[in-house]
Amino acid sequence: MEWVEIMETVGIWVAALLTLCIYSFLYRDNPFYRFAEHLFVGISVGYFTVLTIHQGLIPFAWDPLAAAFKEKEWVGLVRFIPIGIGLLFFARLAPTHAWLIRYPIAILIGVGSGLAIPNVMRADIFRQIHGTLTPFAELHASGWALGPFQIFGIILMLVGVISTLTYFFFSVEHRGVVGGVSKVGIVFLMIGFGSAFGNTVMGRVSLLIQRVDFLLADWLHLI
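Predicted model, so just to flag it, every value in this text is computed and none were measured.

Tell me about the packing of aromatic side chains, and please be specific about residues and values.
Following the criterion strictly, the structure yields six aromatic pairs and no others. For the ring pair Phe69 and Phe80, a centre distance of 6.4 Å and an interplane angle of 70° mean the geometry is edge-to-face. Placement of Phe69 in helix α2 (residues 31-71) and of Phe80 in helix α3 (residues 80-87) is noted, with a sequence separation of eleven residues between them. Judged by its relative accessible area of 46%, Phe69 falls in the partly exposed class. On the basis of an interplanar angle of 70° and a centroid distance of 6.3 Å, the ring pair of Trp99 and Tyr103 is categorised as edge-to-face. A relative accessible area of 43% places Trp99 in the partly exposed class.

Right, dumping it as structure tokens:
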């Protein structure tokens, strides 16, 4: 039990000192901050390297190939193809064969695009269109019996969508009516960016509060 308490105390001190090292950057760049930064990057790279080996290389490459050789199931040796393609990434280390890295990158980007584009279309376009039209369907189904604030919100959303899309419509010069509508879209964009930035700041402030609470309560026992 004493060893457990000692290790917990050491862990708290290490966490507190590293926290202070990171926040020392608020004063200026210094060796303490660089030490904590390099330590974090090194530990992260080491952790994800081991994680990749245990969750990727061993179960999807080493174990199937070992089983194929052991049981003489030569069909399983087809896994050498993706393994060989993956090994081409290391061709970047040899200047004379660096051009070989184009093949795995092309395959990776092609497969990634094929998987990502339908999901992006469904999430960022079709879902957005559905979310924009659904309130009008509800409004029509209720016979315009919704409250005035709900109706105002629906109309405001429609104005925001149309004006924002008009701002990004570059096939027509932004003059006259189109220019006025696009300026309204700029207002909606600024409101959206401002709320997103405010949400980000609130998240960072909550992290700061958590670290200050850790320093004052768990480390210094002042609260």
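Explain the side chain of Ser182 to me, and be specific about the residues and the numbers.
Secondary-structure assignment places Ser182 in helix α6 (residues 176-219). Under the relative-accessibility criterion, Ser182 is labelled buried at 4%. Of the polar contacts made by the side chain of Ser182, one reaches the backbone oxygen of Gly179; its length is 2.7 Å. Beyond its immediate stretch of four places on either side in the chain, Ser182 contacts Ser163, Thr166, Tyr167 and His174.

I'd like a rundown of α2, residues and numbers included.
The terminal C-alpha atoms of α2 lie 56 Å apart, and with 41 residues this matches the ideal 60 Å at 1.5 Å per residue to within 8%. Buried residues along α2 sit against α1 (2-23) and α3. At the N-terminal boundary of α2, the capping side chain belongs to Asn30, with an oxygen 3.0 Å from the backbone nitrogen of Phe32. Positive phi shows up at Lys72, right after α2, with a value of about 55°.

Describe the domain arrangement of the protein chain, with residues and values.
By domain assignment, the protein chain separates into domain 1 (1-72) and domain 2 (147-223). At the junction of the two partners, domain 1 supplies seven residues and domain 2 supplies six residues. The contact between domain 1 and domain 2 buries some 650 Å² in all, and 78% of this surface belongs to carbon and sulfur atoms. Ranking the residues of domain 1 by area buried against domain 2 places Ile12, Thr19 and Tyr23 at the top, with a combined share of 55%. Between the two partners, domain 1 and domain 2, sit zero salt bridges. Summed over the shared surface of domain 1 and domain 2, the number is one residue pair in polar contact (both at pLDDT 80 or more). Per-class residue counts for the side of domain 1 that touches domain 2 are six nonpolar, one polar and no charged.

Please give an account of the packing of helix α5 (residues 148-167) against α6 that cites residues and values.
At a minimum axis distance of 7 Å, the contact between α5 and α6 shows a crossing angle of 110°. As the angle between them shows, α5 and α6 are arranged roughly perpendicular. Relative to α6, the crossing made by α5 is left-handed. Between α5, through Leu156, Val159, Gly160, Ser163, Thr164, Thr166 and Tyr167, and α6, the contact on the second element is made entirely by Val178, Val181, Ser182, Val184, Gly185, Ile186, Phe188 and Leu189. Among the residues forming the contact of α5 with α6, the class breakdown is nine nonpolar, six polar and no charged.

Calculation rules
- Residues numbered from 1 in each chain as written.
- Predicted model: local features only at pLDDT ≥ 70, side-chain atom pairs only at ≥ 80, totals over all residues.
- Heavy atoms only, no water.
- Phe/Tyr/Trp six-rings, centres within 6.5 Å; stacked < 30°, edge-to-face > 60°.
- Helix = DSSP H or I, 4+ residues; strand = E, 2+ residues; numbered from the N terminus.
- Buried < 20%, exposed > 50% of the residue type's maximum accessible area, 1.4 Å probe, protein only.
- Polar contact = N/O pair within 3.5 Å; in protein donor to acceptor, adjacent residues only side chain to side chain.
- Contact = heavy atoms within 4.5 Å.
- Expected span 1.5 Å × (residues − 1).
- Domains from an automatic or database assignment.
- Buried area = accessible area lost by both parts, 1.4 Å probe.
- Salt bridge = Lys/Arg side-chain N within 4 Å of Asp/Glu carboxyl O.
- Nonpolar A, V, L, I, M, F, W, Y, C, P; charged D, E, K, R; others polar.
- Axes fitted to C-alpha atoms, helices over the stretch in contact; angles between N-to-C directions.
- Parallel < 35°, antiparallel > 145°, perpendicular 65-115°, else oblique.
- Left-handed = near helix turned anticlockwise from the far one by under 90°.

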